[in-house]
Amino acid sequence: MKKAVFCLLFTLFTVQIVSQESQNDYNFLRLPVSAHAAALGGDNISIIKDDATLMFNNPALISSVSDKTINLNFMSYMEGTKLASASFTKIINDKATWAVSAQYIDYGNIKEVTEDNIEQGTFSAKDISIAGYFAYTLSNKIVGGITAKCISSHIAGYNSLAMGVDLGLNYYDDERDLSVSAVAKNLGGQLKAYDETYEGIPLDLQIGASKRVINSPFKFSATIVDLNHWDYSFINHMVAGLDLILSDDIYLSCGYNFRRAHEMKITDSDNESSSHGAGFSFGGGIELERFKLQLSYGKYHVSSSSILVNVSYSL
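Since we're looking at a predicted model, the values are computed, not measured.

Cut-offs applied
- The written sequence of each chain sets the order in which its residues are numbered from 1.
- Under the rules for a predicted model, residues below a pLDDT of 70 receive no local features and side-chain atom pairs below 80 are neither given nor counted, while totals for whole chains, interfaces and linings still include all residues.
- No hydrogens and no water enter the side-chain calculation; it runs on all heavy atoms of the structure.
- Salt bridge, as applied in this entry: a Lys or Arg side-chain nitrogen positioned within 4 Å of an Asp or Glu carboxyl oxygen.
- The numbering of helices and of strands both runs from the N terminus, where a helix is a DSSP run of H or I of at least 4 residues and a strand a run of E of at least 2.
- Exposure categories follow from relative accessible area, calculated using a 1.4 Å probe and restricted to protein chains: below 20% of the type maximum is buried, above 50% is exposed, and the middle band is partly exposed.
- Pairs were defined over the aromatic rings of Phe, Tyr and Trp, the Trp ring being its six-membered one, requiring ring centres within 6.5 Å. Orientation was assigned from the angle between planes: stacked under 30 degrees, edge-to-face over 60, tilted for the rest.
- Strands qualify as paired when DSSP identifies two bridges or more between them.

S.K.: Sorry if this is basic, but what is going on with the pattern of salt bridges here?
M.R.: A side chain of one charge can pair with a side chain of the opposite charge if their charged atoms are brought near each other. A full pass over the atoms with the stated rule returns eight salt bridges. Put simply, Lys-149 and Asp-166 hold a salt bridge, and the shortest N to O gap is 3.0 Å. With Lys-149 in strand 5 (residues 142-155) and Asp-166 in strand 6 (residues 158-173), this residue pair connects regions lying 17 residues apart in the sequence. With respect to class, Lys-149 is no different from Asp-166; both count as buried. In this structure, the salt-bridge partner of Arg-176 is Asp-173, at a minimum N-O distance of 3.0 Å. The structure contains a network of salt bridges with shared partners spanning Lys-141, Asp-173 and Arg-176.

S.K.: Help me understand the packing of aromatic side chains, please; the structure alone is not making it clear to me.
M.R.: Each pair of aromatic rings is reported with the distance of its centres and the angle of its planes. Counted under the stated rule, the structure contains seven aromatic pairs. Three or more aromatic residues joined by ring pairs make a cluster, and in this case those are Tyr-256, Phe-258 and Phe-280.

S.K.: Please explain the pairing of strand 14 (residues 280-287) as it appears in this structure.
M.R.: One face of the sheet, then the other: side chains in a regular strand alternate in exactly this way. Taken together, the seven bridges between strand 11 (residues 250-257) and strand 14 define a ladder with antiparallel strand orientation. Of the residues in strand 14, the one forming a bridge with Gly-255 is Ser-281. Here seven bridges tie strand 14 to strand 15 (residues 291-301), and the two strands are oriented antiparallel to one another. Within strand 15, the position partnered with Glu-287 by the bridge is Lys-292. Hairpin connection, strand 14 to strand 15: the antiparallel pair is bridged by three residues.

Geometry only, nothing functional implied.
If you want it as C-alpha coordinates, here you go:
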(Lines give C-alpha, C1' and ligand atoms only; values in the text may rest on other atoms or scores of the structure.)
Protein backbone atom coordinates (compact mmCIF):
# COMPACT_ATOMS: atom_id res chain seq x y z
CA MET A 1 0.00 0.00 0.00
CA LYS A 2 2.76 2.46 0.94
CA LYS A 3 4.56 1.64 -2.31
CA ALA A 4 1.44 2.42 -4.31
CA VAL A 5 0.91 5.71 -2.48
CA PHE A 6 4.49 6.85 -3.15
CA CYS A 7 4.27 5.97 -6.84
CA LEU A 8 0.89 7.70 -7.21
CA LEU A 9 2.12 10.87 -5.52
CA PHE A 10 5.24 10.92 -7.65
CA THR A 11 3.21 10.51 -10.86
CA LEU A 12 0.68 13.21 -9.97
CA PHE A 13 3.29 15.77 -9.00
CA THR A 14 5.39 14.98 -12.07
CA VAL A 15 2.40 15.78 -14.28
CA GLN A 16 1.90 19.01 -12.35
CA ILE A 17 5.56 19.97 -12.81
CA VAL A 18 5.30 19.93 -16.60
CA SER A 19 2.30 22.26 -16.54
CA GLN A 20 3.95 24.93 -14.40
CA GLU A 21 5.55 28.09 -15.74
CA SER A 22 9.24 28.70 -15.18
CA GLN A 23 8.88 32.05 -13.38
CA ASN A 24 9.70 31.66 -9.72
CA ASP A 25 11.26 33.13 -6.61
CA TYR A 26 13.42 31.44 -3.93
CA ASN A 27 16.24 30.50 -6.29
CA PHE A 28 18.49 29.89 -3.27
CA LEU A 29 16.84 26.44 -3.24
CA ARG A 30 18.89 25.63 -6.36
CA LEU A 31 22.19 26.10 -4.52
CA PRO A 32 23.85 22.94 -3.16
CA VAL A 33 23.90 22.12 0.55
CA SER A 34 25.85 18.85 0.27
CA ALA A 35 29.58 19.34 -0.29
CA HIS A 36 29.76 15.89 -1.88
CA ALA A 37 26.99 16.70 -4.37
CA ALA A 38 28.54 20.14 -4.97
CA ALA A 39 31.89 18.55 -5.80
CA LEU A 40 30.14 16.25 -8.30
CA GLY A 41 28.78 19.19 -10.27
CA GLY A 42 26.21 20.62 -7.85
CA ASP A 43 23.30 18.30 -8.69
CA ASN A 44 23.46 14.66 -7.61
CA ILE A 45 20.49 12.60 -6.43
CA SER A 46 21.91 9.06 -6.48
CA ILE A 47 25.00 8.83 -4.22
CA ILE A 48 24.40 6.26 -1.46
CA LYS A 49 26.39 7.29 1.62
CA ASP A 50 25.98 7.82 5.34
CA ASP A 51 25.69 11.54 4.57
CA ALA A 52 22.80 13.57 5.98
CA THR A 53 23.32 16.46 3.55
CA LEU A 54 22.26 14.32 0.58
CA MET A 55 18.62 14.52 1.73
CA PHE A 56 18.58 18.13 0.46
CA ASN A 57 19.01 16.61 -3.03
CA ASN A 58 16.80 13.52 -2.59
CA PRO A 59 14.72 12.78 0.54
CA ALA A 60 14.89 9.03 -0.14
CA LEU A 61 18.63 9.07 0.63
CA ILE A 62 18.16 9.64 4.37
CA SER A 63 17.46 5.91 4.66
CA SER A 64 21.26 5.42 4.56
CA VAL A 65 22.02 7.93 7.34
CA SER A 66 23.03 6.87 10.85
CA ASP A 67 20.63 7.34 13.75
CA LYS A 68 20.70 10.67 15.61
CA THR A 69 22.99 12.45 13.17
CA ILE A 70 23.52 16.18 13.66
CA ASN A 71 24.72 18.08 10.61
CA LEU A 72 25.98 21.69 10.23
CA ASN A 73 26.83 23.39 6.91
CA PHE A 74 28.25 26.70 5.75
CA MET A 75 28.78 28.12 2.26
CA SER A 76 30.42 31.33 1.09
CA TYR A 77 28.67 32.68 -1.97
CA MET A 78 28.99 36.01 -3.78
CA GLU A 79 30.46 39.00 -1.94
CA GLY A 80 28.47 39.67 1.24
CA THR A 81 26.25 36.60 0.82
CA LYS A 82 26.48 33.67 3.23
CA LEU A 83 24.49 30.45 3.52
CA ALA A 84 24.10 28.26 6.60
CA SER A 85 22.03 25.15 7.28
CA ALA A 86 21.58 22.41 9.83
CA SER A 87 19.74 19.09 10.09
CA PHE A 88 18.94 16.25 12.47
CA THR A 89 18.14 12.67 11.41
CA LYS A 90 16.37 9.96 13.44
CA ILE A 91 15.73 6.31 12.51
CA ILE A 92 12.22 5.13 13.48
CA ASN A 93 12.64 1.44 12.63
CA ASP A 94 14.33 -0.76 10.03
CA LYS A 95 12.17 0.75 7.27
CA ALA A 96 11.43 4.36 8.25
CA THR A 97 13.58 7.43 8.90
CA TRP A 98 12.68 11.06 9.52
CA ALA A 99 14.67 14.29 9.63
CA VAL A 100 14.30 18.04 10.04
CA SER A 101 16.39 20.86 8.59
CA ALA A 102 16.72 24.63 8.42
CA GLN A 103 18.39 26.73 5.70
CA TYR A 104 19.28 30.42 5.91
CA ILE A 105 20.81 32.77 3.36
CA ASP A 106 21.75 36.38 4.11
CA TYR A 107 22.42 38.59 1.09
CA GLY A 108 24.06 41.31 3.21
CA ASN A 109 23.50 45.04 2.80
CA ILE A 110 22.27 46.15 -0.63
CA LYS A 111 22.26 49.71 -1.96
CA GLU A 112 18.81 51.24 -2.36
CA VAL A 113 18.55 53.60 -5.35
CA THR A 114 15.76 55.39 -7.17
CA GLU A 115 14.99 54.90 -10.86
CA ASP A 116 17.23 57.95 -11.43
CA ASN A 117 20.14 56.13 -9.73
CA ILE A 118 20.03 58.31 -6.62
CA GLU A 119 21.15 56.40 -3.52
CA GLN A 120 18.60 56.25 -0.71
CA GLY A 121 20.63 54.16 1.74
CA THR A 122 20.79 50.37 2.14
CA PHE A 123 18.44 47.49 2.83
CA SER A 124 18.84 43.82 3.75
CA ALA A 125 17.48 40.62 2.21
CA LYS A 126 17.31 37.07 3.52
CA ASP A 127 15.60 33.73 2.80
CA ILE A 128 14.72 30.94 5.24
CA SER A 129 13.52 27.36 4.68
CA ILE A 130 12.31 24.96 7.40
CA ALA A 131 11.73 21.37 6.26
CA GLY A 132 10.67 17.92 7.45
CA TYR A 133 11.70 14.68 5.72
CA PHE A 134 10.41 11.12 5.72
CA ALA A 135 11.83 8.08 3.92
CA TYR A 136 10.36 4.57 3.79
CA THR A 137 11.87 1.34 2.43
CA LEU A 138 9.37 0.05 -0.13
CA SER A 139 11.31 -3.11 -1.01
CA ASN A 140 14.79 -4.52 -0.49
CA LYS A 141 16.11 -2.24 -3.27
CA ILE A 142 13.66 0.69 -3.48
CA VAL A 143 13.21 3.61 -1.07
CA GLY A 144 10.73 6.47 -1.35
CA GLY A 145 11.06 9.83 0.33
CA ILE A 146 9.15 13.06 0.78
CA THR A 147 10.10 16.54 1.97
CA ALA A 148 7.68 19.24 3.11
CA LYS A 149 9.12 22.72 3.50
CA CYS A 150 8.01 26.19 4.51
CA ILE A 151 9.92 28.99 2.78
CA SER A 152 10.04 32.64 3.81
CA SER A 153 11.71 35.54 2.01
CA HIS A 154 12.37 39.07 3.30
CA ILE A 155 13.49 41.96 1.09
CA ALA A 156 13.59 45.42 2.69
CA GLY A 157 10.09 45.91 4.11
CA TYR A 158 8.50 43.22 1.95
CA ASN A 159 8.10 39.52 2.67
CA SER A 160 6.57 36.42 1.13
CA LEU A 161 5.71 32.88 2.21
CA ALA A 162 5.64 29.64 0.22
CA MET A 163 5.17 25.90 0.72
CA GLY A 164 7.03 23.26 -1.22
CA VAL A 165 7.30 19.48 -1.53
CA ASP A 166 10.09 17.23 -2.81
CA LEU A 167 9.37 13.65 -3.85
CA GLY A 168 12.16 11.12 -4.39
CA LEU A 169 12.65 7.48 -5.34
CA ASN A 170 15.89 5.51 -5.20
CA TYR A 171 16.79 2.08 -6.51
CA TYR A 172 20.03 0.62 -5.12
CA ASP A 173 21.65 -2.67 -6.08
CA ASP A 174 24.30 -3.31 -3.44
CA GLU A 175 25.94 -6.19 -5.32
CA ARG A 176 26.61 -4.08 -8.41
CA ASP A 177 26.98 -0.81 -6.47
CA LEU A 178 24.43 0.75 -8.81
CA SER A 179 22.10 3.52 -7.71
CA VAL A 180 19.31 5.08 -9.82
CA SER A 181 17.06 7.91 -8.62
CA ALA A 182 14.24 10.19 -9.73
CA VAL A 183 13.26 13.37 -7.91
CA ALA A 184 10.62 16.05 -8.29
CA LYS A 185 11.89 19.13 -6.44
CA ASN A 186 10.09 22.22 -5.18
CA LEU A 187 6.50 21.37 -6.04
CA GLY A 188 4.30 24.10 -4.68
CA GLY A 189 3.95 27.87 -4.70
CA GLN A 190 3.46 31.06 -2.76
CA LEU A 191 0.89 31.42 0.00
CA LYS A 192 1.72 35.10 0.46
CA ALA A 193 3.25 37.17 -2.34
CA TYR A 194 5.45 40.26 -2.10
CA ASP A 195 2.64 42.20 -3.79
CA GLU A 196 -0.37 40.89 -5.69
CA THR A 197 1.58 38.78 -8.16
CA TYR A 198 1.91 35.15 -7.08
CA GLU A 199 4.84 33.21 -8.51
CA GLY A 200 6.08 29.65 -8.28
CA ILE A 201 9.16 28.17 -6.67
CA PRO A 202 11.99 26.65 -8.76
CA LEU A 203 10.44 23.37 -9.91
CA ASP A 204 12.95 20.81 -11.09
CA LEU A 205 12.44 17.22 -12.27
CA GLN A 206 15.66 15.18 -12.19
CA ILE A 207 16.85 11.64 -12.89
CA GLY A 208 20.30 10.33 -12.12
CA ALA A 209 22.52 7.30 -11.62
CA SER A 210 25.79 6.42 -9.87
CA LYS A 211 27.89 3.33 -10.59
CA ARG A 212 31.18 2.14 -9.19
CA VAL A 213 33.51 0.39 -11.60
CA ILE A 214 34.04 -3.12 -10.25
CA ASN A 215 37.45 -3.70 -8.63
CA SER A 216 38.41 -0.06 -9.05
CA PRO A 217 38.36 3.08 -6.88
CA PHE A 218 36.22 5.00 -9.40
CA LYS A 219 32.52 5.80 -9.15
CA PHE A 220 30.80 7.68 -11.96
CA SER A 221 27.65 9.78 -11.60
CA ALA A 222 25.37 11.39 -14.16
CA THR A 223 22.32 13.54 -13.46
CA ILE A 224 19.83 15.06 -15.90
CA VAL A 225 18.22 18.18 -14.44
CA ASP A 226 15.37 20.55 -15.29
CA LEU A 227 13.44 17.93 -17.24
CA ASN A 228 10.34 20.13 -16.96
CA HIS A 229 11.90 22.61 -19.44
CA TRP A 230 13.07 21.56 -22.90
CA ASP A 231 13.57 24.97 -24.51
CA TYR A 232 17.37 24.67 -24.51
CA SER A 233 20.07 22.21 -25.58
CA PHE A 234 19.98 18.68 -24.11
CA ILE A 235 23.67 18.80 -23.14
CA ASN A 236 22.92 21.71 -20.80
CA HIS A 237 20.64 19.42 -18.78
CA MET A 238 23.63 17.23 -17.92
CA VAL A 239 25.73 17.09 -14.76
CA ALA A 240 28.63 14.64 -14.62
CA GLY A 241 30.78 13.63 -11.66
CA LEU A 242 33.57 11.26 -10.65
CA ASP A 243 34.52 9.93 -7.20
CA LEU A 244 37.99 8.61 -6.45
CA ILE A 245 37.53 6.36 -3.41
CA LEU A 246 40.90 6.27 -1.68
CA SER A 247 39.67 4.17 1.26
CA ASP A 248 36.51 3.42 3.22
CA ASP A 249 37.00 6.77 4.99
CA ILE A 250 38.45 9.13 2.36
CA TYR A 251 37.26 10.22 -1.08
CA LEU A 252 38.03 12.89 -3.68
CA SER A 253 35.46 14.16 -6.19
CA CYS A 254 35.22 16.34 -9.27
CA GLY A 255 32.36 17.32 -11.53
CA TYR A 256 31.10 19.47 -14.37
CA ASN A 257 27.75 21.22 -14.67
CA PHE A 258 27.03 21.97 -18.35
CA ARG A 259 24.09 24.30 -17.68
CA ARG A 260 26.02 26.39 -15.17
CA ALA A 261 28.94 26.72 -17.56
CA HIS A 262 26.58 27.78 -20.35
CA GLU A 263 24.67 30.30 -18.23
CA MET A 264 27.85 31.88 -16.88
CA LYS A 265 29.48 32.48 -20.26
CA ILE A 266 30.51 36.07 -20.94
CA THR A 267 31.40 37.38 -24.40
CA ASP A 268 34.29 39.88 -24.51
CA SER A 269 35.07 42.65 -27.00
CA ASP A 270 36.79 40.16 -29.30
CA ASN A 271 33.56 38.16 -29.46
CA GLU A 272 35.14 35.30 -27.54
CA SER A 273 33.07 33.72 -24.77
CA SER A 274 34.23 32.08 -21.55
CA SER A 275 32.59 30.84 -18.36
CA HIS A 276 35.80 31.58 -16.40
CA GLY A 277 35.78 28.16 -14.75
CA ALA A 278 32.10 28.16 -13.80
CA GLY A 279 30.73 24.65 -14.16
CA PHE A 280 33.81 22.89 -12.78
CA SER A 281 33.85 21.76 -9.14
CA PHE A 282 35.88 19.51 -6.91
CA GLY A 283 36.15 18.45 -3.27
CA GLY A 284 36.73 15.64 -0.84
CA GLY A 285 35.81 14.25 2.51
CA ILE A 286 36.81 12.27 5.56
CA GLU A 287 34.00 9.95 6.69
CA LEU A 288 34.68 8.21 9.98
CA GLU A 289 32.16 6.04 11.82
CA ARG A 290 30.64 8.92 13.80
CA PHE A 291 32.34 12.07 12.49
CA LYS A 292 32.36 13.37 8.93
CA LEU A 293 34.02 16.42 7.37
CA GLN A 294 33.45 17.33 3.71
CA LEU A 295 34.55 20.30 1.62
CA SER A 296 33.97 21.45 -1.95
CA TYR A 297 34.91 24.28 -4.27
CA GLY A 298 32.85 25.64 -7.13
CA LYS A 299 31.95 28.78 -9.05
CA TYR A 300 28.25 29.64 -9.08
CA HIS A 301 28.94 33.09 -10.48
CA VAL A 302 31.75 34.28 -12.75
CA SER A 303 32.72 37.00 -10.27
CA SER A 304 33.42 34.79 -7.26
CA SER A 305 34.22 31.31 -5.98
CA SER A 306 32.37 29.37 -3.30
CA ILE A 307 33.56 27.07 -0.54
CA LEU A 308 31.07 24.65 1.03
CA VAL A 309 31.78 22.89 4.33
CA ASN A 310 29.74 20.04 5.90
CA VAL A 311 30.30 18.72 9.42
CA SER A 312 28.27 15.77 10.75
CA TYR A 313 28.31 13.81 13.99
CA SER A 314 26.28 10.78 15.05
CA LEU A 315 25.30 10.83 18.73
